Every structure is written in C-alpha cells, then in structure tokens.
Amino acid sequence: MILGGITTLLFAGSSTILLNSARQVERLTLTRNLDQVERALQNQIDILGNAATDYATWDETYAYAQGQKPDYISNSIGDVTFTSTQADWMAIARDPQTLLYSAAYDYSSGQINSPADNVFQDALMALPKLLQVGREPSNPQGIVLISGQLTLLVSRPILRSNGSGPAVGSFIFGQTLDADKLAKLSESTQLSLSLHPLTGPTHQQALTQLKTGQSEIVIPLTAQAIAAYRLIYDLHRRPVMLLRIDAPRPVYQQMLLGLRYLGLSLMGAGAVSGLIIWRLLERSLRYLRERDRIQQALQQEAALRQSELRYREKAEELERTLQELRKTQAQLLHSEKMSGLGQLVAGIAHEINNPIGFIYGNITHARQYAHALLDLIALYQQHIPHLPQPVQEAQASIDLPFITADLPKLLNSMRVGAERIRTIVLSLRTFSHMDEAGLKRVEIHNGIDSTLLVLQHRLQTSASGSAIQVTTDYSDLPLVECYPSQINQVVLNILNNAIDALQTPRIPSRFLSDSSPPLIHIQTRYLEDREGKGGKAGKEGSTDGHIQIRIANNGPPIPEDLQSRLFDPFFTTKPVGQGTGLGLAMCYQIIVETHHGILRCNSAPGHHTEFIIQIPVSQTTKRFKA
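Quick summary incoming for the structure in this document.

About the cut-offs
Residues numbered from 1 in each chain as written. Predicted model: local features only at pLDDT ≥ 70, side-chain atom pairs only at ≥ 80, totals over all residues. Heavy atoms only, no water. Helix = DSSP H or I, 4+ residues; strand = E, 2+ residues; numbered from the N terminus. Buried < 20%, exposed > 50% of the residue type's maximum accessible area, 1.4 Å probe, protein only. Contact = heavy atoms within 4.5 Å. Areas by Shrake-Rupley, 256 points an atom, 1.4 Å probe, with all protein chains shown as cover. 1 Å grid on protein atoms, 1.4 Å probe; cavity = no way out; pocket = protein on both sides within 12 Å on 5 of 7 lines; lining within 4 Å. Points joined across faces, edges and corners; volume = space filled by probe spheres on them. Nonpolar A, V, L, I, M, F, W, Y, C, P; charged D, E, K, R; others polar. Phe/Tyr/Trp six-rings, centres within 6.5 Å; stacked < 30°, edge-to-face > 60°. Lys NZ or Arg CZ within 6 Å of the ring centre and 35° of its normal. Pairing = 2+ DSSP bridges. Axes fitted to C-alpha atoms, helices over the stretch in contact; angles between N-to-C directions. Salt bridge = Lys/Arg side-chain N within 4 Å of Asp/Glu carboxyl O. Expected span 1.5 Å × (residues − 1).

Focus: the overall build of the protein
Counting its secondary structure elements, the protein contains 16 helices and 17 strands. Relative to its 626 residues, the protein shows a buried fraction of 40%. Sequence separation of at least 24 residues holds for 66% of the intrachain contacts in the protein that already meet a minimum separation of 6. Looking at the protein as shown, the accessible area adds up to about 34,600 Å², and 57% of this sits on carbon and sulfur atoms.

Some remarks on empty space enclosed by the protein
Using the criterion set out here, one finds two cavities of 30 Å³ or more in the structure. Taken as a whole, the largest cavity encloses approximately 50 Å³ of empty space. Taken together, L18, Q254, M255, G258, L262, I277, L280, L281 and S284 make up the full set of residues lining the largest cavity. Its residues placed into classes, the lining of the largest cavity shows six nonpolar, three polar and no charged. In this structure, the second largest cavity occupies an estimated 30 Å³ of space. Around the second largest cavity sit V37, L41, L177, L182, L185, L193, L195, I232 and L243, which together line it. If you list the elements that add at least two residues to the lining of the second largest cavity, you get α1 (2-56), α6 (179-189) and β7 (192-196).

Section: the packing of aromatic side chains
Counted by the stated rule, this structure contains eight aromatic pairs. Here the aromatic rings of Y55 and W58 are separated by 6.5 Å at their centres, their planes lie at 70 degrees, and the arrangement is edge-to-face. For Y55, a relative accessible area of 16% translates into the label buried. Counting every residue linked through ring pairs, the aromatic cluster contains Y55, W58, Y64, Y72, F171 and F173. The aromatic ring of Y233 is capped on one face by R237, whose charged end is 4.5 Å from the ring centroid.

Focus: the sheet that holds strand β2 (residues 98-106)
Paired through their backbone hydrogen bonds, the strands of a sheet run either parallel or antiparallel. Ordered by their spatial adjacency, six strands build an open sheet running β3-β2-β1-β6-β5-β4, and the pairing between neighbours is antiparallel. Both edges of this open sheet fall to β3 (111-113) and β4 (141-146), since each of them pairs with a single strand only. Between one strand and the next, the sheet's axes are offset by a mean angle of 25 degrees, whatever the strand orientation. Of the pairings in the sheet, the one linking strand β1 (residues 89-95) to strand β6 (residues 170-176) comprises five bridges and is antiparallel in character. Residue pairing for β6: A91 is matched across the bridge by I172.

Quick notes on the pattern of salt bridges
Counted according to the given criterion, the structure contains 17 salt bridges. A salt bridge links K314 to D54; the shortest N-O distance between them is 3.8 Å. Residue K314 is located in helix α9 (residues 270-383), and its partner D54 is located in helix α1; the two are separated by 260 residues in the primary sequence. On the basis of relative accessible area, K314 is assigned to the partly exposed category, the value being 41%. Judged by its relative accessible area of 38%, D54 is partly exposed. Linking E301 and R305 is a salt bridge whose minimum nitrogen-to-oxygen distance equals 3.3 Å. Of this pair, E301 and R305 are both found in helix α9, four residues apart, which corresponds to roughly one turn of the helix. One network of salt bridges, with partners in common, ties together D35, E38, E216 and R230.

Thoughts on the sheet that holds strand β9 (residues 225-233)
Across the sheet, four strands lie side by side as β7-β10-β9-β8; this open sheet has antiparallel pairing. Of all the strands in the sheet, just β7 and β8 (217-220) have a single pairing partner and so form its edges. Across this sheet, the average inter-strand angle for adjacent strands is 25 degrees, counted without regard to direction.

Considering helix α15 (residues 583-594)
Here α15 is twelve residues long and its end C-alpha atoms lie 15 Å apart, about the 16 Å a rise of 1.5 Å per residue gives. When α15 is considered as a whole, its buried residues turn out to be G583, L584, A585, M586, C587, Q589, I590 and I591. Trailing α15 by a residue or two, H596 shows a phi angle of about 55 degrees, which is positive.

Function-wise, these values are silent; they only describe arrangement.
Set out below in structure tokens:
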C-alpha cells in the first residue's frame, strides 16, 4: 500500500510537472509565432513606406501636387507602382478636403482603376492623421479597418527631392489583407492564421481575457490542437481585429505518451520505471531542443528569402530606372538635335522666301516690259526700214535678232527657276512645321514628299555610282491627326538609313544582282479598324482605322542577330563617328508611345529591307478608347 501510495504520488507529481512544462513550451512557441506574424506585417508596412518615400520625395510629385505636371500620372504611375510593393491602393491628397488622385489595382486583370471606389476615398478623408499639410511632416503608418477588412496604410509628406518643404500634400499606399494575402502570409510564416471581427458570439472567451490587459491568450482546444489569440490595433491604438493561430500539440501528445509509459513502468517496477521516465524526459527535451533549432532555422530561412526578394526587387527597380534614364537622355539629345534642325530649315526657308518672292513677283512685269520694247523695236523697223549708219552698226554689234528671239526664253527660264525655288521653300516649311504646334490633321503625302526633297542631294549617288531611284505607291488617305514634325523626323531617319544602306557595297544574290539599280520604294495604305468599323478613306476621312507607311530598299539585309536591338537607345551598326544610335530609338518612341502605333522591321538574307509604320487616323479617339 505504501508503495502504491508512493507510486501514485510520484505519478501525479510527474504528470503535473510534465504537462505544465508542455503547456509552457506551447505558450512560448505560440507567442513566438504571434510575434513572427506581427514582424511580417510590419515588414510589409516598411516596404510600402519605402516605396511611398521614393515617390513623395520626388520633384515630379511635388510639381503635380502644386497643380503642375498634368502628365505626371500617365508618365509615372503604372503597373510596377503596385506590383513592386503588392499595394492594392494609392492616393495623392493635397489637404483634408482635396483628393488629387486615387487608384486601385486589379491583380487578376492587371488593370489600374481610377478613381478608387468611394469606400476607400471616404476612409482616407476620415483619417486626418494621414494628411500632412498644415502641420509638421511625419510618417504615419499602420493598420486601419476598411469595409471589415484590415488594410495596411502608409503616408509620406510630399517634399522636394532634397527633402526640403513645405509639405504640399500626402502620398499614400494601401494594401488590403484579404483572403489571398492572408494565405500568402500563412505560407511564408508556415503558420495557420485567421482573422476574426471583435463582434459576434465566437471567440468571446479570448476577447474577455484579452480585454483584461493580457497581450495574448493561449487556449487548448483538444488534446491534439491549441489556439493562440492576440488583438491587432489600428493607427489610433484601438483594437480592430482578433488574430488567431492554430497549431498541433506534438509536445503535449509526447508528454501524454510519456505519462502512459510512466504509469506502466511504475506499476511494473520502480527502478525500471525511473529509467524509462528519465529516458522519456531526455527524449522529450532533445525533441524540444531539436524542434526549437529547426524552427529557428526555418525562421532564418524565411527572413533570408524575404531579404533576397527585397534586394532582387530593388535591383530590378534600379535596372528599370537606368533604362528610363537612358531613354530620357536619348529623347533629350534627339529632340534638341531635331529642334535645331527644324529651326535652321525654317530660318533658311524664311530668308530665301523674301528675295525669291520679290524676284517672282517682278518677272511677270519684266516679261511685259520686254515684250513691249521688242514690239516697239519691230514697229521702228517696219516704219523706218533705212536706219542711220550708227544705228545699223549698233544692231549688228549686239546681234539684235538673237536678243529678240532669246530674251523671252531667258525670262521664261527665270520664271521657271523662281517657281522651282518657291516649291523648294514650301517643302522646307512643310518639313519643319515650325508654324504648327500640337496635334494637327495633315496630309501625310505632303510630309513624305517634302522629306524626299530635303534628301534630294543624298539620292544622287549610291555605292554603284548611279543615282538612287525612289518610287511611290500612294493610296487615297484621309487627313491624319498627328504631330507632323515628329512624323517627318521618323520618315527622315528611316530614309537616311536606307540611303546609308544603299551606299554600302552589296553582295549579289539570287534575288538581287550586283547590277540591280539602287531603289527605295514608299507605299501608303489605309487600313480599316480591326473591329470592322473603319469608314471609307477620303480627304475628310474617318476617325477609325489606321494608315500604314512601308519604306523598302534593296540594299544589304540587316543581320538577324541585330534586328532585336534596332530600337535600343545608343545602339548603332555604323562605324564610330558616323552614327549616334538615337535615330531608330526615337522613331520607335514617336510611333509607339506618342502616336500609339506600330513600328517594325522586316529583313532577311536575299530579300529587301522594309520598315513598316502604322498609326491610327485619330489620336484623340485612340486615347479615348484606350
């Protein structure tokens, strides 16, 4: 009986110690898990905050918040603004009453919806803590509850790039912690997470205990499962949601198994039972240490993955920034070059136009006077056939019959030459378009013809020594809404490249012999809208449809491995000093980005090289439909 009592006391004491130890280990583990979830949420808030800081401390954003830079949104806000941070919302506010811009991103369709829905806008305007104007700039960030869902929000004061103020508004990012993002958070932390509202009959036990001031509550559900709870607080330190982590109870199960073994051992033999107990305890402690080691390793691995992801995203962002800087540099260089060329051409045309107008305007009068004088001389000869000897000698010395026959021809030649010079001046003015600004509805063929006239001197020679032939196949096109001088730049650059290719010695092939004359062929076509709504082409035209310009030459083909890089800034196949690598890059930007069109190149060994330009007839309609 004494042995039985001692065995019972020993079993009861061991049970209490082991089960309490198991509960303490479970509580410590679940507390670490709750801390890990809060760190993960704070890490995502920091990512949003860093991105918001980058945009808020930018001169372009500062100018937009002051009512300048109307094209800031279209040039600076895109898919990468949301995907790089996993943000769902963004907003730019000038003050508590003025929301300049808001947008929501749909990850399923890849579309930016602006403005954001009224629920998000109203929630922002009801949070004056996020708005920076009228007080010392700060960096508020945290969690708010919008439409029953947790939303991570960060706000940064809009300052200049050097960090100076005053703040002119707030740049705000938001991320909704919906079911998908909660699932990703569970996957990254390897925990079973769930969020629950503070109202309703469920989880009242946990809420009651948490309201007493405890930071977290651990409640065993069954012998196999346990749950931990912690309140989530918003920007104003008010509880808004209940975080729950569910976990299995391997330690508790191990302890129960150990107690079973302990009971059997105590009933069998005291000495053997003691040995078994210590072995079980040793194994349990070893399991706990190993489990803690594995958990720490997993946490370190998860942190390393997140750090690697952040660095990779930063590297990609830097690469995109570098590409944008190179493109901007190319655009500035080429724009400055073409602006100077346009001003020079327009200036020369203006200076020539004045004197040639004077000459052209007086040739008609000169012809009338000359004919009158010749008629008068003929009248003298008719009525005074026997002229004095000095007059006869003067007539013979100046060869009066020749002058009488040649003077009208000379004046007519001067008139033709003056008309030719006026045509050249008109073509130069058409090419430069210095008297036009913004979008214009123009006749595309006039621009092509004026560009060909500007390049006439380069068409006189080729690699074979003969002049370059230019053939045109023009269709009946409507007036096209475009930036005329930019389209002329594109045609000029492509024709210049074609002339350079034709001035390079050719390798004969079964398609082109060495004796084939150098040729440039220009073709235009009107293409109906893809949806079949394009109207009949004509001078008035339709706002639907596209026009296509094809410029082909029979020079050497472009190597296939270089074709993919033709439109890269600063890439050129010409020798050093003969090319900047900006021409085709700017052509691509003008056609694709400015005019919402298509520019591509077709070139293969044994065939001609052809550049295809396609732009919509109406830029206004295109932007509205887009």
